[in-house]
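Secondary and tertiary structure notes
One letter stands for each residue in the lines below.
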Amino acid sequence: MKFLLITPPLTQLNTPYPATTALKGFLQSKGYEVVQADLGIEMIDRIYSKAWLSGYASNIDSEDEKAYVMRCADVVETVLRYLRGEDNTLATRIANRSLLPEGPRFAQLADMEWAFGTSGTEDKARYLATLFIEDIADYIRDHTDPNFDLIRYAEHLANYAPNFDEMEGGLQAPKTIIDELMLSLLQEHLAKVHPDVVGFSIPFPGCLYGALRCGQYLKQLGECTVVLGGGFPNTEWRQLRDTRIFQYCDFITIDDGELPMWRLAQYLEHKVGEDKLVRTLTAECPTLVPNEEYIPNEELPAPDFDGLPLDKYLSMAEMTNPMHRLWSQGKWNKMMMAHGCYWHRCAFCDTRLDYIGRYDTPTAATVVDRMEHVMRQTGVSGFHFVDEAVPPKLLREVCEEILNRRLVVSFWGNIRFEKAYTQELCDLMADAGCVAVSGGLEVASDRLLKLIDKGVTIQQTVDACRHFREAGIMVHTYLMYGFPTETLEETLGALETVRQMFDEGIVQSAFWHRYAMTCHSPSGHNPEKYGAQRVNYEPNPFCNNEVDWCYPQGGQFDYDIEEVGRGLKMATFNYMNDLGLDQPVRSWFPGLRKKDKKGKNKNR
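What you see is a predicted model; the values in this text were computed from it and never measured.

With that settled, the discussion passes to the overall build of the chain. Counting its regular elements, the chain contains 22 helices and 16 strands. Relative to a compact globule of 604 residues, whose C-alpha radius of gyration would be 25 Å, the chain shows 25 Å and is just as compact. Overall, the chain is about 65 × 60 × 60 Å in size when its C-alpha atoms are taken along their principal axes. Evaluated residue by residue, the chain yields a buried proportion of 57% over its 604 residues. A separation threshold of at least 6 residues defines the contact pool for the chain, and within that pool the share at least 24 residues apart is 76%. Total accessible area computed for the chain in this model is approximately 24,900 Å², and 48% of it derives from carbon and sulfur atoms. Here the chain contributes 62 positively and 86 negatively charged side chains, and the mean placements of these two sets differ by 3 Å.

Shown next, in the form of structure tokens:
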């Protein structure tokens, strides 16, 4: 039996998403032939070519716009070579703005020139090249296909989709030029591979439409079995009732795909009966049947990157956030150190889902064996560990193993700011190659940290961050606002804590998220414990994740939560650029009003 595993458009452009690499490594270990493809990077490679853009320009009526696209076509392959690291000599010409046609995205440079003043030629050139690539994407979206974007495709059809109606409407609409290109790439793979099973990993809502368009085409052909899986189905389809999705696929696997796909292969080979399928949805049984069978992490083989076009990925630039640069810049090998979160108690987190709630760790030797295997395949020594939270004990052992083997690597990943991160451990991490960590300070209030069962205090976080700073490791923190019972004073206090951490230099990057209640989290399962109530417990027929909530008796925040969000993000943007650190935190909320008991606004 032959598998074709596909990451549909669009996820990220700088490095492969890790799902198909893990499945390929496992299924091959069971004797199956497996080919993998990233249709997203293949699509971008095809669109950003002189031939495709020239053909696209020939259909534009406006002579001025046609001339602009043709100028883009003349230099686009040169720019892609630069973003792939194939021709760094272009940096000076791009940076001095003598090469690239400049569209609307370049209008923001007047506001960003202060940032360029402290950036080198390489940073500026990469940022300008990124603007050029984004300008072309904007033009295609505005003039041809409103679904198109560089890292997502038709995302609005999958975001907060209680039923299948809007997605089905999009799939029944005439195919766009981007749809046709995506399907032509799929056809090329089918002609080469002749697969028995085509599996689509759907990590994000911006990948769902692409997977279903491809599934629609494959079902019409009727020549292979179509399987969907990945983070989006795992999160959203556990209570699926609308079986129209099965017009576009045959099976949906939930949670880690290794065992479900192996059993499905055996079922299709008539080696086992349907009763042996594990966490697999069908049109006849669309709702998840719980099953506790899993393959231990220690028994899983290393990810396999063979077959992916590693030379095609683009190292883009994010000027404003240094941690976002790591996400978008550089070709990092993505892999997990351990499965799940060793804490898995936070009230806002989807702890009821397997990928968080089931903690399973391999030995340090196994982790480093996998790292060496991947380095040999990719030629890249940088690793992004995509764990929910890398466990400190295992992290220490992995660092020691890296140093014992005298390996030269770089790595970063998510951690929890806890007392385990002593100066000694942080120094060890830096010696082994750790360059950055990200972790949640979340609400930055000891009362709320206790309420959400975060398991850390502000002081522990500050101490850990100081140790990382002394070791030369960059720190990014996730922050959250709008948790039930959070007062305006607590939110402002949280921002003051963040200001002090930036001012001391123990945090270099931060990002605020608005709290969202999900049905898989402790706060969604038992909202009354946190001073809230759910508006509705009845599951939707299609997607089920984020749920509406309110305060008891229908109350809401006594302040403008949208205005608070804007102020938090503006303040943090400035802090990251060493600006505004001497301003009172209230100065970032000039229009903020607090509501009186009757719900009316009054000046704050």
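The next thing to look at is the packing of helix 19 (residues 458-471) against helix 20 (residues 488-504). Where helix 19 contacts helix 20, the two axes come as close as 11 Å, and the packing angle between them is 20°. Between helix 19 and helix 20, the angle falls in the class roughly parallel. The handedness of the crossing between helix 19 and helix 20 comes out as right-handed. Contacts between helix 19 and helix 20 involve I458, T461, V462, C465, R466 and R469 from the first element and T497, M501 and E504 from the second. Here the residues of the contact of helix 19 with helix 20 are counted per class, giving 4 nonpolar, 2 polar and 3 charged.

This paragraph deals with a negative patch on the surface. Taken together, the side chains of D61, E63, D64 and E65 make up a negatively charged region of the molecular surface. Of note, E63 is situated in helix 4 (residues 63-83). A relative accessible area of 55% places E63 in the exposed class.

To continue, consider helix 3 (residues 50-57). Every buried residue belonging to helix 3 is among W52, L53, Y56 and A57, and all of these are buried. With its buried residues spanning 135° around the axis, helix 3 presents them on a single face. Here the buried face of helix 3 lies against helix 2 (39-47), helix 4, helix 7 (121-143) and helix 9 (177-193).

Turning next to the sheet that holds strand 2 (residues 33-38). Reading across the sheet, the 6 strands line up as 2-1-3-4-5-6 and stay open at both edges, with mixed pairing between neighbours. At either end of the open sheet lies a strand with only one pairing partner, and these are strand 2 and strand 6 (280-281). As paired elements, strand 1 (residues 2-7) and strand 2 share 6 bridges and run parallel to each other. Residue pairing for strand 2: L4 is matched across the bridge by V35. In this fold helix 2 packs onto strand 1 and strand 2, with an angle of close to 45° to the strand it touches most, strand 2.

What follows is about the state of the cysteines. The tally for this structure, following the rule as stated, stands at 0 disulfides. For C434, which is in no disulfide, the shortest distance to another cysteine sulfur is to C399 and amounts to 7.0 Å. C519 forms no disulfide, and the closest cysteine sulfur to it belongs to C543, at a distance of 11 Å.

Right, let's get into the packing of aromatic side chains. Per the stated rule, a full pass over the model turns up 23 aromatic pairs. Between F483 and Y515, the aromatic rings sit 4.8 Å apart at their centres with planes inclined by 65°, giving edge-to-face as the arrangement. In this pair, F483 is assigned in the loop between strand 11 (474-481) and helix 20 and Y515 in the loop between strand 12 (509-514) and helix 21 (522-525), connecting sequence segments 32 residues apart. Residue F483 shares its accessibility class with Y515, and that shared class is buried. Arranged with centres 6.1 Å apart and planes meeting at 85°, the rings of F483 and Y530 form a pair that is edge-to-face. Of this pair, F483 sits in the loop between strand 11 and helix 20 while Y530 sits in the loop between helix 21 and strand 13 (533-534), and the two are 47 residues apart along the sequence.

Moving on, we come to unusual backbone geometry. Here the residue pair P9 and L10 is connected by a cis peptide bond, since its omega of -5° sits within 30 degrees of zero. The phi angle at A444 is positive, at roughly 50°, despite the residue not being glycine. For A444, the position within the fold is in the loop between strand 10 (434-442) and helix 18 (446-451). Accessibility expressed as a relative area gives 4% for A444, which makes it buried. In the Ramachandran plot, D578 falls in the positive-phi region, its phi being about 60° despite a non-glycine side chain. Structurally, D578 is set in the loop between helix 22 (561-576) and strand 15 (593-595).

The tally for this structure, following the rule as stated, stands at 3 cavities of 30 Å³ or more. What the largest cavity holds in volume is close to 100 Å³. Together, D256, E258, L259, P260, R279, Y294, I295, N297, L300, H339, R358 and D360 line the largest cavity. Here the lining of the largest cavity is built from residues that sort into 5 nonpolar, 2 polar and 5 charged. Here the second largest cavity defines a volume of roughly 60 Å³. M337, F385, V390, L395, F411, W412, G413, I415, M429, C434, A436 and V437 together form the lining of the second largest cavity. Contributing elements (two or more residues each) for the lining of the second largest cavity: strand 9 (410-414) and strand 10. The residue inventory of the lining of the second largest cavity, partitioned by class, reads 11 nonpolar, 1 polar and no charged.

Criteria and thresholds
- Residues numbered from 1 in each chain as written.
- Predicted model: local features only at pLDDT ≥ 70, side-chain atom pairs only at ≥ 80, totals over all residues.
- Heavy atoms only, no water.
- Helix = DSSP H or I, 4+ residues; strand = E, 2+ residues; numbered from the N terminus.
- Rg over C-alpha atoms; globule rule 2.2 N^0.38 Å.
- Buried < 20%, exposed > 50% of the residue type's maximum accessible area, 1.4 Å probe, protein only.
- Contact = heavy atoms within 4.5 Å.
- Areas by Shrake-Rupley, 256 points an atom, 1.4 Å probe, with all protein chains shown as cover.
- Lys, Arg positive; Asp, Glu negative; His and termini not counted.
- Charge placed at Lys NZ, Arg CZ, Asp CG, Glu CD.
- Axes fitted to C-alpha atoms, helices over the stretch in contact; angles between N-to-C directions.
- Parallel < 35°, antiparallel > 145°, perpendicular 65-115°, else oblique.
- Left-handed = near helix turned anticlockwise from the far one by under 90°.
- Nonpolar A, V, L, I, M, F, W, Y, C, P; charged D, E, K, R; others polar.
- Patch = residues over 30% accessible without salt bridge, like charges linked within 9 Å, V, L, I, M, F, W, Y side chains within 5 Å.
- Salt bridge = Lys/Arg side-chain N within 4 Å of Asp/Glu carboxyl O.
- Arc of directions from axis to C-beta.
- Pairing = 2+ DSSP bridges.
- Disulfide = S-S within 2.5 Å.
- Phe/Tyr/Trp six-rings, centres within 6.5 Å; stacked < 30°, edge-to-face > 60°.
- 1 Å grid on protein atoms, 1.4 Å probe; cavity = no way out; pocket = protein on both sides within 12 Å on 5 of 7 lines; lining within 4 Å.
- Points joined across faces, edges and corners; volume = space filled by probe spheres on them.

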